[in-house]
Amino acid sequence: MIYTYGFSEVGSSHLDSKQPCQDANKIERTKNGWIVAAIADGVGSCKYSDVASRIAVDTSVCVCVDEINKNGKKANLLKTIEKSFTQAEGEIDKHSLTKGHLITDYDTTLDLVIYDGKHVTYGHCGDGGIIGLTANGEYLSITSPQKSEGIYVVPLRAGKDSWQIDNLKGDFASVLLATDGVYDVFFPYLLKGKEVEIYVPLIRYFMDNNILKASKKTIDIVEKERKKYFYSEACSSITDDKTIVVLINDAVKPMLKEDSYYSEPDWNALQLEWDKKAYPHLHVNNKVK
């Protein structure tokens, strides 16, 4: 059985400025038991991005579910996701024209996953991302954030040449989708370039069914506890809206790796190493050579 949980919560910065949550998410189950899930993050500087993100997830998920329900396993999932992204973009454009608004006021990201309990087919556009936990216990970054020059997010309306659509045939025990505020926490800059760049002790709290023990009776509790975590002091640095969606197949129990894989990083040592690279002039040997 595939269990799911997810939520979109307004960030503290938006509460302070009295802005609505600009994130959105949607999770649906197809007739054959697959899960279609999407998240979207409306670009903060765009006036109607909250509307755009909602249209994006609603349209893209509905298109995929309809296609799979109609064609089942014969559905071409890659073309289905491209069609869903195209229609989502078109619905946003239609809405902006109807309202007499500029399309540039409706920018949003979009990430979508079709999960059959084993394989992952996905579409990705923007600075959020998708992470997978394989049956052998390895955490994989399925996508990479799209930011032009590292600053400006690539929105859905950038078009299909910017969309990443692909499938992975690996045996995945769970899949996680997150908008950038949450996604970035799972990839601390101090781990960049390391053998394992994902903050494993944290992300397993959200994905590993060895810990979650998801079931029909417990999945609501799992969601409630994870949502509560994002309001704790540990996440006080996340001021952006917070969206996370997790899909868990309880029939695929991820293998446990060696203890060191789950150990807390030595943050002090990592910070010193980073400082030496970023500020070498502060760490040079002062002896005259």
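Our subject is the structure listed above.
Below is a summary of the structure that appears in this document. (Residues numbered from 1 in each chain as written. Predicted model: local features only at pLDDT ≥ 70, side-chain atom pairs only at ≥ 80, totals over all residues. Heavy atoms only, no water.)

**Quick look at the packing of helix 5 (residues 200–207) against helix 7 (residues 219–229)**
We apply this condition: Every axis in this analysis is a line fitted to C-alpha atoms, fitted for helices over the stretch in contact. Angles between the N-to-C directions lie between 0 and 180 degrees. The helix and strand labels rest on DSSP assignments: H or I over at least four residues marks a helix, E over at least two residues marks a strand, and numbering proceeds from the N terminus. The contact definition used throughout considers only heavy atoms, calling two residues in contact when any of these lie within 4.5 Å. Amino acid classes used here: Ala, Val, Leu, Ile, Met, Phe, Trp, Tyr, Cys and Pro are nonpolar; Asp, Glu, Lys and Arg are charged; the rest, including Gly, are polar.
At a minimum axis distance of 10 Å, the contact between helix 5 and helix 7 shows a crossing angle of 145°. Mapping the contact onto sequence places Leu202, Tyr205 and Phe206 in helix 5 and Glu225, Arg226 and Tyr229 in helix 7. Partitioned by chemical class, the residues of the contact of helix 5 with helix 7 number four nonpolar, no polar and two charged.

**Overview of the packing of helix 2 (residues 49–71) against helix 3 (residues 77–99)**
Test applied: In this scheme the crossing of two helices becomes right-handed for a clockwise turn of the near helix relative to the far one and left-handed for an anticlockwise turn of less than a right angle.
Close contact between helix 2 and helix 3 brings their axes to 8 Å; oriented N to C, the two are set at 145°. For helix 2 against helix 3, the interelement crossing comes out right-handed. Between helix 2 and helix 3, the residues in contact are Val51, Ala52, Ile55, Ala56, Thr59, Ser60, Val63, Cys64, Glu67 and Ile68 and Leu77, Thr80, Ile81, Lys83, Ser84, Gln87, Ala88, Glu91, Ile92 and His95, respectively. Among the residues making up the contact of helix 2 with helix 3, the classes are represented as eleven nonpolar, six polar and three charged.

**Overview of the sheet that holds strand 2 (residues 23–29)**
The condition that has to hold: Any two strands are treated as partners once DSSP identifies two or more bridges connecting them.
One open sheet holds the five strands; their spatial order is 2-3-4-5-10, and the pairing between them is antiparallel. A strand with exactly one partner marks an edge of an open sheet, and here the two such strands are strand 2 and strand 10 (164–168). Neighbour-to-neighbour, the strand axes of the sheet open up by a mean angle of 10°, direction not taken into account. Examined bridge by bridge, strand 3 (residues 35–41) and strand 4 (residues 110–115) share five bridges and lie antiparallel to one another. Of the residues in strand 4, the one forming a bridge with Ile35 is Tyr115. Contacts from helix 2 reach strand 2, strand 3 and strand 4 within the one sheet, and its direction differs from that of strand 3 by about 160°. Contacts from helix 3 reach strand 4, strand 5 (120–125) and strand 10, with the element oriented near 30° to strand 5.

**Description of the environment of Leu156**
To keep things clear, this is the line we draw: Summary of the burial criterion: residues with accessible area below 20% of their type's maximum are buried, those above 50% are exposed, and those between are partly exposed, where the area comes from a 1.4 Å probe applied to protein chains only.
Mapping Leu156 onto the fold places it in the loop between strand 9 (152–153) and strand 10. With relative accessibility at 2%, the residue Leu156 sits in the buried group. Counting along the chain gives 71 residues from Leu156 to Phe85, while the straight-line C-alpha distance between them is 7.8 Å. Here Leu156 is in contact with Phe85, Ala88, Glu89, Ile92, Thr108, Leu110, Cys125 and Trp163, once residues within four sequence places are set aside.

**Here's the deal with the packing of aromatic side chains**
Test applied: Planes of paired rings set the category: under 30 degrees apart is stacked, over 60 is edge-to-face and the rest tilted, where pairs are Phe, Tyr or Trp rings (Trp by its six-membered ring) whose centres lie within 6.5 Å.
What the rule picks out here adds up to 14 aromatic pairs. For the pair Phe7 and Phe230, a centre-to-centre distance of 6.0 Å together with 65° between the ring planes defines the contact as edge-to-face. Taken as a pair, Phe7 in strand 1 (residues 2–9) and Phe230 in the loop between helix 7 and strand 12 (242–249) lie far apart in primary sequence, 223 residues in all. Using a relative accessible area of 5% as the deciding quantity, one classes Phe7 as buried. A residue is classified by how much of its surface remains accessible, and Phe230, at 5% relative accessible area, is buried. The rings of Phe7, Phe186, Tyr205, Phe206, Tyr229 and Phe230 are connected pair by pair, giving a single aromatic cluster.

Just distances and angles here, no functional claims.
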